[in-house]
Each structure stands twice: as structure tokens, then as C-alpha cells.
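Residues per chain are reported as follows:
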Amino acid sequence: MFDFNVFNSEKAAEEGAVLHLAHPTTGENVYIDGDKKKKPCEIILMGTDCDVYLSYQQKKLNERSRKKNGAVNEVDFKKSIRESADVYAKMTKGWNNIWHDGKELEFSYKNAVMLYMTYKEIRVQVAQFIDEKENFIKG
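A few points on the structure.

Conventions used here
Residues numbered from 1 in each chain as written. Predicted model: local features only at pLDDT ≥ 70, side-chain atom pairs only at ≥ 80, totals over all residues. Heavy atoms only, no water. Phe/Tyr/Trp six-rings, centres within 6.5 Å; stacked < 30°, edge-to-face > 60°. Helix = DSSP H or I, 4+ residues; strand = E, 2+ residues; numbered from the N terminus. Salt bridge = Lys/Arg side-chain N within 4 Å of Asp/Glu carboxyl O. Buried < 20%, exposed > 50% of the residue type's maximum accessible area, 1.4 Å probe, protein only. Pairing = 2+ DSSP bridges. Axes fitted to C-alpha atoms, helices over the stretch in contact; angles between N-to-C directions.

**Structural notes on the packing of aromatic side chains**
With the rule as written, the count across this model stands at seven aromatic pairs. Judged by centre distance (5.8 Å) and plane angle (55 degrees), the rings of F2 and F7 are tilted. Ring geometry for W95 against F107: centres 5.1 Å apart, planes inclined by 85 degrees, an arrangement best described as edge-to-face. Taken together, the positions of W95 in strand β3 (residues 92-96) and F107 in the loop between β5 (103-104) and α4 (109-118) put the pair 12 residues apart, joining distant regions of the chain. One aromatic cluster is present, formed by F2, F4 and F7 through successive ring pairs.

**Points about the pattern of salt bridges**
Scanning the entire structure with this criterion turns up five salt bridges. Notably, a salt bridge pairs K11 with E15, separated by 3.9 Å at the nearest N-O pair. In this pair, K11 and E15 are both assigned in helix α1 (residues 9-15), four residues apart and thus about one turn of the helix distant. A relative accessible area of 49% means that K11 is categorised as partly exposed. We note a salt bridge from K133 to D49, for which the minimum N-O separation is 2.5 Å.

**Focus on the sheet that holds β3**
Note: strands within a sheet are paired through backbone hydrogen bonds, in either parallel or antiparallel orientation. A sheet is described by the order of its strands in space; here three strands give the open sequence β1-β2-β3, paired in antiparallel fashion. Single-partner strands in this sheet number two, and they are β1 (17-20) and β3. Averaged over all neighbouring strand pairs, the angle between strand axes comes to 25 degrees, with direction disregarded. By the bridge criterion, four bridges tie strand β2 (residues 42-45) to β3 in an arrangement that is antiparallel.

Pasting the structure below:
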């Protein structure tokens, strides 16, 4: 019998999935212990069908609809990065083996924002990962 739970993308997105960080040029999975491959660098993320992301999208839509007289606002690139880092941090449920400045980084919202603001390549991988439904829906 077909399992209709595959259509419950909101539940799957809220439960989260594990992103194994990849080297930005080789594409190989990254391990903090190198070739031993026992300590993967992982981030546990919610998908784009989660409440956090949907609320963020609604906020952006509301901001656009408030613009008057067809005025076009220029994109503030730094603000855009901050907003992305903020929403990704809110979508981050935890991590394993994430380091910064030579020491293991304790998981927190504040540290997640810093991680995503500091490391563009991690931010890019997070964006790509959360957007793929197949990372969250199994079966």
C-alpha cells in the first residue's frame, strides 16, 4: 500500500535532515579528522516547507506588497546576507564537528548566524540543501 506520508512535506521539513559539508572545490565530504573519516562535518537543517522558512517568505512578500508607486528599492547585498544567515540559523537544529578559529564551535543560534555570515561556501551549501525536497522526504 502506498504511504501517503510522502506528501506531508511540512512534517518532513520540520523533522530535519543532515547536510554533510563538502569541500568547495573537490566536492568531497569533509571530515574534521581528515582521512580517518570518523568525524563528519554535519549540519542538521529543516527544509523550506518548515514554519520558520514559510514565515520568512511571507514577511518578504508583505514587504514587497507595501512598496508604493511602483518604486524599486535597490538590493542591499549585506542586508540580504544577514537575512539569509538569520533564517538559516533559525532552521538549524544542531551540528557535529563544526569548527571556527581552531576550536570546536558550540551550537547556538548566535554561533549559527556567525558561521553563515563568515563562510559563504557553507551558506551556499545550506541554501542548496534546504531547497531539495528529496533531502527531507524519504520513500
